Amino acid sequence: MKNDLVSIIVPVYNAEKTLKKCCYSLLEQTYKNIEIILVNDGSNDDSSKICRKFAKNDHRVKFIDKENGGVSSARNAGIECARGEYLSFVDSDDYVDKEYIQNMYEKIQKDNSDICLAGYWIKKHGFVQKNENGKGSCLYDQSLYYEKLLDFIWGKNGMYFPVAKLYRKSLIKQNEIKFNENIQCGEDMLFNVQFFRYCKSMTIISECNYYYIMHGGGLSGKYQSRFWRDMSMVYQNYLKIYEENYPEKITEAKEIILTLLRNTMFNFYYKKRSIKEGTVFLKKCSNNSEVAEILQEVIPQNRFNQIILFCIKHGLYSALCIGFKSKNPIKKYFFPVFCFVRKYI
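Residues numbered from 1 in each chain as written. Predicted model: local features only at pLDDT ≥ 70, side-chain atom pairs only at ≥ 80, totals over all residues. Heavy atoms only, no water.

Colleague: How would you sum up unusual backbone geometry? Please name residues and give values.
Modeller: The residue Asn 14 is not glycine, and still its phi comes out positive at about 50°. The topology assignment puts Asn 14 in the loop between strand E1 (6-12) and helix H1 (19-27). Classification of Asn 14 as partly exposed rests on a relative accessible area of 30%. Phi at Ala 164 is positive, roughly 60°, even though this residue is not glycine. (Helix = DSSP H or I, 4+ residues; strand = E, 2+ residues; numbered from the N terminus. Buried < 20%, exposed > 50% of the residue type's maximum accessible area, 1.4 Å probe, protein only.)

Written out as structure tokens, the structure reads:
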């Protein structure tokens with residue numbers, strides 16, 4: 001087996017409480033040919049001091065100290081100075097098992113694939129959830145690869161975020177793929193979508209060696225003012241993959257627009273808003289010319305998306321907004337109504 005250098009990029013911002021645990025877990029990797037790039041993004045705590053100490057004590061640790069520019073800026077700085085044949089991203093409040101790189105590297109070498117997606121653990125307030133990618137290891141090549149990318153619609157296999165993955169760096173460099181520093185949310189999703197656009201094969205493994213630590217709230221529980229605009233950019237790039245490489249599946253891929261509308265409305269009601277305000281906003285989003293055209297074509301497979309499309313087509317915007325505003329699980333609120341009304345339409 002080859003022994004390529006693997007670059008591990010760690011964006012750091014005010015992470016003095018978690019950074020040491022993260023770094024120690026990386027230094028203990030069973031795969032030894034690694035470089036760890038710590039990018040301090042203008043922290044105002046002791047993060048910079050901790051980074052310098054690790055860089056001084058171990059030649060494999062590189063330290064970049066920069067002005068605050070956000071996580072995308074920090075990751076891009078890491079990519080620029082990375083010398084490895086492969087890249088992996090680890091967040092500074094997370095940590096990994098010692099086999100983290102070894103497991104992904106062995107599989108990506110065996111399959112000669114462009115990316116390896118691994119399983120991961122989610123830890124939040126004492127709650128632990130294991131997220132495997134099926135059983136064992138699978139290679140997705142050619143048409144099977146594009147079939148698997150449909151999982152992006154549901155967020156399966158951790159396709160949204162850049163952690164718990166090993167990327168072929170040459171693909172990133174040749175196609176000038178970077179994290180977009182001008183969007184507030186979905187920058188990691190956009191990076192992956194752009195990578196998938198050029199990637200020809202991927203390996204998915206079930207091993208869970210990454211521990212993703214969720215703190216109170218997080219971006220998933222905060223209102224994002226530019227959510228619709230930013231995420232629309234992500235999904236437009238996603239659809240380009242199918243337009244260019246797998247046009248026979250484009251109708252199926254377009255279901256992601258319904259996922260976008262659903263997530264947009266959940267985001268909308270993270271602020272205190274009325275049903276009327278939500279109705280106006282949902283109408284505006286769904287009546288966008290490009291979105292409206294897709295809604296006429298799409299045949300959703302997911303039952304939640306079936307409900308949303310059903311309500312939009314029959315002008316039941318207020319009913320949708322009541323469900324989104326109530327924060328009740330969508331299946332408890334919408335699905336019984338949908339099953340009842342559908343009989344009479």
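Colleague: A description of the pattern of salt bridges should follow, citing residues and the corresponding values.
Modeller: Following the criterion strictly, the structure yields 15 salt bridges and no others. Residue Lys 173 is joined to Glu 80 by a salt bridge in which the shortest nitrogen-to-oxygen separation is 3.9 Å. Highlighted residues: Lys 173 in helix H6 (residues 169-174) and Glu 80 in helix H3 (residues 71-81), separated in sequence by 93 residues. In this structure, the salt-bridge partner of Lys 254 is Glu 297, at a minimum N-O distance of 2.5 Å. In this pair, Lys 254 sits in the loop between helix H9 (250-253) and helix H10 (256-268) while Glu 297 sits in helix H12 (residues 289-297), placing the two residues 43 residues apart along the sequence. The class for Lys 254 is buried, based on a relative accessible area of 15%. When salt bridges with common partners are traced through the structure, they connect Arg 226, Arg 229 and Asp 230 into a single cluster. (Salt bridge = Lys/Arg side-chain N within 4 Å of Asp/Glu carboxyl O.)

Colleague: Quick one: what's the story with the packing of H10 against helix H13 (residues 303-313), residue by residue and with numbers?
Modeller: Remark: H10 packs on H13, axes separated minimally by 10 Å, with the N-to-C direction vectors making an angle of 80°. With respect to their mutual orientation, H10 and H13 come out roughly perpendicular. Along the contact surface, H10 presents Leu 258, Thr 259, Leu 261 and Arg 262, while H13 presents Phe 304, Asn 305, Ile 308, Leu 309 and Ile 312. Residues that form the contact of H10 with H13 fall into these classes: six nonpolar, two polar and one charged. (Axes fitted to C-alpha atoms, helices over the stretch in contact; angles between N-to-C directions. Parallel < 35°, antiparallel > 145°, perpendicular 65-115°, else oblique. Contact = heavy atoms within 4.5 Å. Nonpolar A, V, L, I, M, F, W, Y, C, P; charged D, E, K, R; others polar.)

Colleague: Explain H3 residue by residue, including any values.
Modeller: One turn of an α-helix holds 3.6 residues; hence residues three or four places apart share an orientation. Of all 11 residues that make up H3, eight are buried, and the element is covered over most of its length. Regarding H3, the residues found buried are Ser 72, Ser 73, Ala 74, Arg 75, Asn 76, Ala 77, Gly 78 and Ile 79. Buried residues in H3 make contact with E1, strand E2 (34-41), strand E3 (61-66), strand E4 (86-89), H6 and helix H7 (187-198).

Colleague: So, the side chain of Asn 131: which residues are in play, and what are the values?
Modeller: Along the polypeptide, Asn 131 turns up in strand E7 (residues 127-131). Since its relative accessible area comes to 16%, Asn 131 is described here as buried. A distance of 3.2 Å separates the side chain of Asn 131 from the side chain of Gln 129, its partner in a polar contact. If near-sequence neighbours (up to four positions away) are discounted, Asn 131 is found in contact with Gly 119, Tyr 120, Ile 122 and Cys 208. (Polar contact = N/O pair within 3.5 Å; in protein donor to acceptor, adjacent residues only side chain to side chain.)

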